[in-house]
Structures are given as C-alpha cells and as structure tokens.
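Summary of structural features
If you want the building blocks of each chain, they are given just below.
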Amino acid sequence: MEPDFLKVSIEKRVGCIRLHRPKSLNALNRQMIAELVVELERFDRDENVGAILLTGGEKAFAAGADIGEMAKATSAEMLLMDQFADWDRIRRVSKPIVAAVSGYALGGGCELAMACDLILASESAKFGQPEIHLGVIPGAGGTQRLTRTVGKKRAMEMVLTGKTISADEAFRAGLVNRVVPVELLEQEALKLAKELASKAPIALRLAKQAVQKAADKGLEEDLDYEQKLFYFLFSTEDQKEGMNSFMEKRRPDFKGK
C-alpha cells in the first residue's frame, strides 16, 4: 500500500522519504510515524539502497506531534498506546539516515531529526523542544539526545524555556552538520546521501553501529525513564490545560495540579 502521509522514491542507491502533511506543517501523527517506520525498514532491507534521505517541506520539516491525538488521553491510555515503540524501531535502522531540515523542526520534529545520523539544515531551519508550553516534556528522546548533543546547559535552556534556536545556533551547538541556502538544501542532502551510499555497505553499517555505541551509552535506559515521566504528566490538570489552550489558540493558565 502507498503511504498516505509520505512521498517515497529511490534515486541512485538513496532511499528518499518526504514527510507530507502540508496542511498541518507535517505534524507527526501516529499513522505518519507508523508509515515512516515501514519505509525505513523496507529501505534497510533493500540491497539496492545504501543510504536514506529524510526530508519534509520548505516551511516545516515537522512542526511537532499531532496534539489533537493525545490532548484528552490519560496516563494509562498513553502507556497502553505505546506510541514510542515505533520510535525505538527507527533507532535500529542499520543504514545511515540523512535528515534535510528546512523551516520548523519542533518537538517531535526536532526529536525525529536527532534520531537521524546526519542533519543538513537550510538557513530557514528552526529547532526546539517547546513541550513545556503544553504542560509536558519531550517524550521521544528530546531530553536525552539533545543533552548528549549540545550539552547540559544549552539543553536545559531549550527544554525548560521552550526556546527555539536558528540553524546557525544549531550548527554552533553541534546539533547539525552543515547549514546551506534553502534552495540548495535537498540538492546538498542528496549529494551527501549518495556519497554515503557509494561506500562499502557492510563497513558503512558497522561504522554507524560503532559510533552509535559510543554516543548512545545508557541511552535505552534513559529513554525509558523519559517516556515514563512523559506518560505521568498525562495525569495532571496542567497537561490538559496546556494542550487544550494550544488547540484553542490561547495562553495556558497552569495551576500546578
């Protein structure tokens, strides 16, 4: 079956996936993530694919999670939904994934970019973890991968304030590999992915695995802890107020309950 929210193709040993929910700025609903995992794993099995390119639109790579899907959920419902199981599968893809980010990469969008192995950003890219404004925290690796990448102080500022940073700030912090003009982003990202796909396939996979092992020490346990805290917050009144106010386009009135 063709995916509803992705555009998929192969170009010279590069599996190309484009997030495609333009009316919602590529907000990541459960169906989109499920479709993404299917395509990533399909390319991972395909001997004609050496690397994977993941991109979104010019205005947004992905502007966050689909808040409407979870706003009214309880902690137990979120736990049983197990929405992060698919995210765990992304981490197990053995071929290198290049993210090409233009526009907003916020919340789940920032987490998805960080789940990739290399990030090229256009000059218009903006990265952030604004979940605090909704009465929750990042739940798909935002507190863990961000801290490992940019350090405790900068991660604290981004997570606690919901601050968004520019592409240049992200580059200086080590969050992205390179910043390029908007009109050159996909060309340069595809060029990089093709370069990776030209390498010895087994060596490429093992090189990724070795770097991941060095960078991700303790990550699995820490992601589990982050997810438990995320689920817990769905038992609070502030989470309901935060997400309802977001959908109603008003400022939240948090009570600490």
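The rules we used
- Residues numbered from 1 in each chain as written.
- Predicted model: local features only at pLDDT ≥ 70, side-chain atom pairs only at ≥ 80, totals over all residues.
- Heavy atoms only, no water.
- Pairing = 2+ DSSP bridges.
- Helix = DSSP H or I, 4+ residues; strand = E, 2+ residues; numbered from the N terminus.
- Axes fitted to C-alpha atoms, helices over the stretch in contact; angles between N-to-C directions.
- Contact = heavy atoms within 4.5 Å.
- Parallel < 35°, antiparallel > 145°, perpendicular 65-115°, else oblique.
- Left-handed = near helix turned anticlockwise from the far one by under 90°.
- Nonpolar A, V, L, I, M, F, W, Y, C, P; charged D, E, K, R; others polar.
- 1 Å grid on protein atoms, 1.4 Å probe; cavity = no way out; pocket = protein on both sides within 12 Å on 5 of 7 lines; lining within 4 Å.
- Points joined across faces, edges and corners; volume = space filled by probe spheres on them.
- Domains from an automatic or database assignment.
- Buried area = accessible area lost by both parts, 1.4 Å probe.
- Salt bridge = Lys/Arg side-chain N within 4 Å of Asp/Glu carboxyl O.
- Polar contact = N/O pair within 3.5 Å; in protein donor to acceptor, adjacent residues only side chain to side chain.
- Disulfide = S-S within 2.5 Å.
- Buried < 20%, exposed > 50% of the residue type's maximum accessible area, 1.4 Å probe, protein only.
- Phe/Tyr/Trp six-rings, centres within 6.5 Å; stacked < 30°, edge-to-face > 60°.

Considering the sheet that holds strand S8 (residues 126-128)
Strand order in the open sheet formed by four strands is S4-S6-S8-S9, with mixed pairing between adjacent strands. In this open sheet, the two strands that pair with only one neighbour each are strand S4 (60-62) and strand S9 (164-166). Pairwise comparison of adjacent strand axes, ignoring direction, gives a mean angle of 20 degrees for this sheet. On the sheet, helix H4 (residues 108-115) packs against S4, strand S6 (104-106) and S8 and is oriented at approximately 90 degrees with respect to S6.

Re the packing of helix H5 (residues 142-150) against helix H6 (residues 152-161)
Running from amino to carboxyl end, H5 crosses H6 at an angle of 140 degrees, the nearest separation of the two axes being 7 Å. Between H5 and H6, the angle falls in the class oblique. The interaxial crossing formed by H5 with H6 has right-handed handedness. Residues Thr-143, Leu-146, Thr-147 and Val-150 of H5 form the contact with H6, whose own contacting residues are Lys-152, Arg-154, Ala-155, Met-158 and Val-159. Of the residues belonging to the contact of H5 with H6, the class tally is five nonpolar, two polar and two charged.

Focus on empty space enclosed by the protein
Taken as a whole and judged by the stated rule, the model has one cavity of 30 Å³ or more. A volume near 80 Å³ is recorded for the largest cavity. Elements with a minimum of two residues in the lining of the largest cavity: helix H3 (85-91) and helix H10 (219-232). Broken down by element, the lining of the largest cavity gets its largest block of residues, four residues, from H3. Its residues assigned to classes, the lining of the largest cavity shows five nonpolar, three polar and four charged. When residues are assigned to domains, the lining of the largest cavity turns out to be shared by domain 1 (6-198) and domain 2 (201-248), each giving three or more.

A few points about the domain arrangement of the chain
Domain annotation for the chain reports domain 1 (6-198) and domain 2 (201-248). Centre-to-centre, using C-alpha coordinates, domain 1 lies 12 Å away from domain 2. With 39 residues of domain 1 at the interface, the matching set in domain 2 holds 29 residues. Of the roughly 2,900 Å² buried between domain 1 and domain 2, counting both surfaces, carbon and sulfur atoms make up 60%. When the buried surface of domain 1 facing domain 2 is broken down by residue, Arg-91, Leu-134 and Arg-148 rank first, second and third, together holding 20% of it. Taken together, the connections running from domain 1 to domain 2 amount to two salt bridges. The interface formed by domain 1 and domain 2 contains 15 residue pairs in polar contact (both at pLDDT 80 or more).

Observations regarding the state of the cysteines
The full count for this structure, using the stated rule, is zero disulfides. In this structure Cys-116 is a free cysteine whose sulfur lies 11 Å from that of Cys-110, the closest cysteine sulfur available.

Observations concerning the pattern of salt bridges
Across all of its chains, the model carries 16 salt bridges by this definition. Among the ionic pairs, Glu-186 bridges to Arg-18, the shortest N-O distance being 2.7 Å. Placement of Glu-186 in helix H8 (residues 185-197) and of Arg-18 in strand S2 (residues 14-19) is noted, with a sequence separation of 168 residues between them. What makes Arg-18 partly exposed here is its relative accessible area of 26%. The salt bridge involving Glu-157 is made with Lys-163; its shortest N-O contact spans 3.6 Å. Judged by relative accessible area, which is 39%, Glu-157 ranks as partly exposed. Via salt bridges that share partners, Glu-41, Asp-86 and Arg-89 belong to a single interconnected network.

Some thoughts on the pairing of strand S1 (residues 6-11)
Here S1 runs beside S2; their pairing, made up of six bridges, is antiparallel. By the bridge assignment, Glu-11 is partnered in S2 with Val-14.

A short note on the packing of aromatic side chains
Aromatic ring pairs are defined here through the distance separating the ring centres and the angle between the ring planes. All chains considered together, the criterion is met by four aromatic pairs. Ring geometry for Phe-84 versus Tyr-231: centroids 5.8 Å apart, planes at 35 degrees, classification tilted. Residue Phe-84 is found in the loop between helix H2 (75-81) and H3, and its partner Tyr-231 is found in helix H10; the two are separated by 147 residues along the sequence. The same class applies to Phe-84 as to Tyr-231, namely buried.

Observations regarding unusual backbone geometry
Although it is not a glycine, Lys-12 adopts a positive phi angle of roughly 50 degrees. Structurally, Lys-12 can be placed in the loop between S1 and S2. Judged by its relative accessible area of 67%, Lys-12 falls in the exposed class. Phi is positive for Asp-82, which is not a glycine, with a value near 50 degrees. Relative to the helices and strands, Asp-82 resides in the loop between H2 and H3.

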